[in-house]
Amino acid sequence: MTKEGKEITDNQEITEMSETKQTTLAEGAASAARTYEAKAYAAASADAPLAPAAIRRRDPRPQDVQLEVLYCGVCHSDLHQVRNEWQSVMPTVYPCVPGHEIIGRVVKAGGAVRRFKEGDLAAVGCMVDSCGTCASCRDGQEQFCEGPATFTYNSPDPHIGGVTHGGYSESLVVDEAFALRVPDQLDPAGAAPLQCAGITTYSPLRHWNVGKGQKVGVVGLGGLGHMAVKFANAFGARVVVLTTSPGKAEDAVRLGAHDVVVSKNAAEMQKHAGSFDFILDTVSAVHDLNAYLNLLKRDGTLTLVGAPETPLPVKAFSLLFPRRQLAGSLIGGIRETQEMLDFCAEHGITSDVEVIPIQKINEAYERLLKGDVKYRFVIDMASLK
Ligand SMILES: [Zn+2]
Ligand SMILES: [Zn+2]
């Protein structure tokens, strides 16, 4: 991926770009870029509800597509960011427009755009840009860009200054290299959450080669967990949902689980000790990792995709016996995200969604906190008009 769009002058080596240089470039570009106004929903502060706002978007450059946003999924990260709950790692810049599970229709395609034309559906996930030159970018793992990657919201915006604004908006402009093609077979509302909940679970299941003949655990049956169950089932594994809520058993089976273990039941957990090849832990609340590590076989892996606010204690013995691994994973690269969308089209996989108008977003956040959603809220952005 080249960075011709970055408006870098000839004598500035991309590889030498320090953070300071990037800032200078950003300021230079910020004053040069033309913008237009777009309607959005934004939070003005950590304790303010989301409310209508007007934001600026850059006019599309030759390599950009401009999307009319049709649907945007509601990720728990949106809520964390809006309420500044990740202050120590990613402090929120206000006004904050969240949303990184975006399906839109291309309304403008720049002259250099090759993969999209006006009228096409396109998806945007958690990233809108990356340096394009570091080892991770060259490997197609842009999510780990050393740059770092420009995330869809709350990242410094190198084009118009301030921070990037996400999909709770009528319109979005993105480099086509960070837009995904949406296969026709996919329902656009159900496909929106694939950009975060989908790829976050697909990528680790692929990376750790989950498939036939394996016993795979999914901890937590929420937005991420329900996608993990669908994917692990489609990959041919024996899928066991590990949940604290016995009430979720029936739904887990409907989604593709072969078995359900209530993790509060010590006897039931003990029955499965040492039997799993792989466990994907989607829980972002504080919980006991050792209980899940003990379920793994020799050389089994427990991979975290949730991010509890406080560190979780791990007993060394949970890892030593029998050579278990504890790992983490973060979304997926652009190439893999496209592969996932194509896989979903082929296997008829989408997220189970509850479509809401944008006016219900604050209520949806409260319900999200109570786990009262099956399994993802998706905003119908036509409601913003
Ligand atoms: Zn997300
Ligand atoms: Zn990079």
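The residue numbers shown here count from 1 along each chain, following its written sequence. The lettering of chains begins at A and the numbering of ligands begins at 1, in the order of writing. Note on the predicted model: pLDDT of at least 70 is required for a residue's local features to be given, and 80 or more for side-chain atom pairs to be given and counted; whole-chain, interface and lining totals, by contrast, use all residues. The side-chain numbers reported here are obtained from all heavy atoms of the structure, hydrogens and water having been left aside.

1. Quick notes on the overall build of the chain
Assigned secondary structure in the chain consists of 12 helices and 17 strands. A radius of gyration in this sense is built from C-alpha atoms; the matching globule rule multiplies 2.2 Å by the number of residues raised to 0.38. In terms of overall dimensions, the chain is globule-like: its C-alpha atoms have a radius of gyration of 21 Å, near the 21 Å expected for 385 residues. If one aligns the C-alpha atoms of the chain with their principal axes, the spans along those axes are about 65 × 45 × 40 Å. Counting every position in the chain, which comprises 385 residues, the buried fraction comes to 54%. Counting from the N terminus, the helices are DSSP H or I runs at least four residues long and the strands are E runs at least two residues long. Relative accessibility under 20% of the residue-type maximum defines a buried residue, over 50% an exposed one, and the middle range a partly exposed one, all with a 1.4 Å probe and only protein chains included.

2. A word on a nonpolar patch on the surface
In this analysis, a patch consists of residues with relative accessible area above 30% that form no salt bridge, clustered at 9 Å for like charges and at 5 Å for the nonpolar side chains Val, Leu, Ile, Met, Phe, Trp and Tyr. Reported accessibility uses the Shrake-Rupley method at a 1.4 Å probe radius. Residues are deemed covered only where the shown protein chains occlude them. Each salt bridge in this description consists of a side-chain nitrogen of Lys or Arg and a carboxyl oxygen of Asp or Glu lying within 4 Å of one another. A cluster of nonpolar side chains, Phe317, Leu320 and Phe321, forms an exposed patch at the surface whose accessible area comes to about 390 Å². On the secondary structure map, Leu320 appears in helix 10 (residues 316-320). Judged by relative accessible area, which is 55%, Leu320 ranks as exposed.

3. Observations concerning the side chain of Thr337
Mapped onto the elements, Thr337 comes out in helix 11 (residues 334-347). Taking the relative accessible area as the measure of exposure, Thr337 reaches 6% and is therefore buried. Counting of polar contacts relies on pairs of N or O atoms within 3.5 Å, with two restrictions inside protein: one atom must be capable of donating a hydrogen and the other of accepting it, and residues adjacent in sequence are counted only when both atoms are side-chain atoms. At a separation of 2.6 Å, a polar atom in the side chain of Thr337 contacts the main-chain carbonyl oxygen of Gly333. Residue contacts for Thr337: discarding those within four places in its chain leaves Leu180, Gln195, Ile199 and Gly332. Throughout, a residue-residue contact means that at least one pair of heavy atoms, one from each residue, lies within 4.5 Å.

4. Notes on helix 6 (residues 223-234)
In a helix, the anticipated span is given by 1.5 Å times the number of residues less one. With 12 residues, helix 6 should cover 16 Å at 1.5 Å per step; its first-to-last C-alpha distance of 17 Å lies within 8% of that length. Among the 12 residues that make up helix 6, 10 are buried, leaving the element largely enclosed by the rest of the structure. All of the buried residues along helix 6 are Gly223, Leu224, Gly225, His226, Met227, Ala228, Val229, Lys230, Phe231 and Ala232. Following helix 6 by one or two positions, Gly236 adopts a phi angle in the positive range, close to 95 degrees.

5. Quick word on the environment of Tyr168
With respect to the helices and strands, Tyr168 occurs in the loop between strand 7 (150-151) and strand 8 (171-175). We classify Tyr168 as buried; its relative accessible area is 0%. In this structure the C-alpha to C-alpha distance between Tyr168 and Ile361, which are 193 residues apart in sequence, comes to 9.7 Å.

6. Some thoughts on the coordination of the zinc ion (ligand 2)
Here the zinc ion (ligand 2) is held by the protein donor atoms Cys131 (SG), Cys134 (SG), Cys137 (SG) and Cys145 (SG), which lie 2.3 to 2.4 Å from it. Here the term donor refers to an N, O or S atom within 2.8 Å of the metal (or 3.2 Å for Na, K and Ca), and because water is left out of the atoms, sites may appear incomplete. Geometry assignment treats four donors as tetrahedral when all angles are between 85 and 135 degrees, treats four as square planar and six as octahedral when opposite donors are over 155 degrees apart and all others between 65 and 115, and treats everything else as irregular. Given 4 donor atoms and angles of 103 to 118 degrees at the metal, the environment of the zinc ion (ligand 2) is assigned as tetrahedral. Read from N- to C-terminus, the donor residues coordinating the zinc ion (ligand 2) fall into the pattern C-x2-C-x2-C-x7-C. Across the pair, Cys145 and Cys137 agree in class, each one buried.

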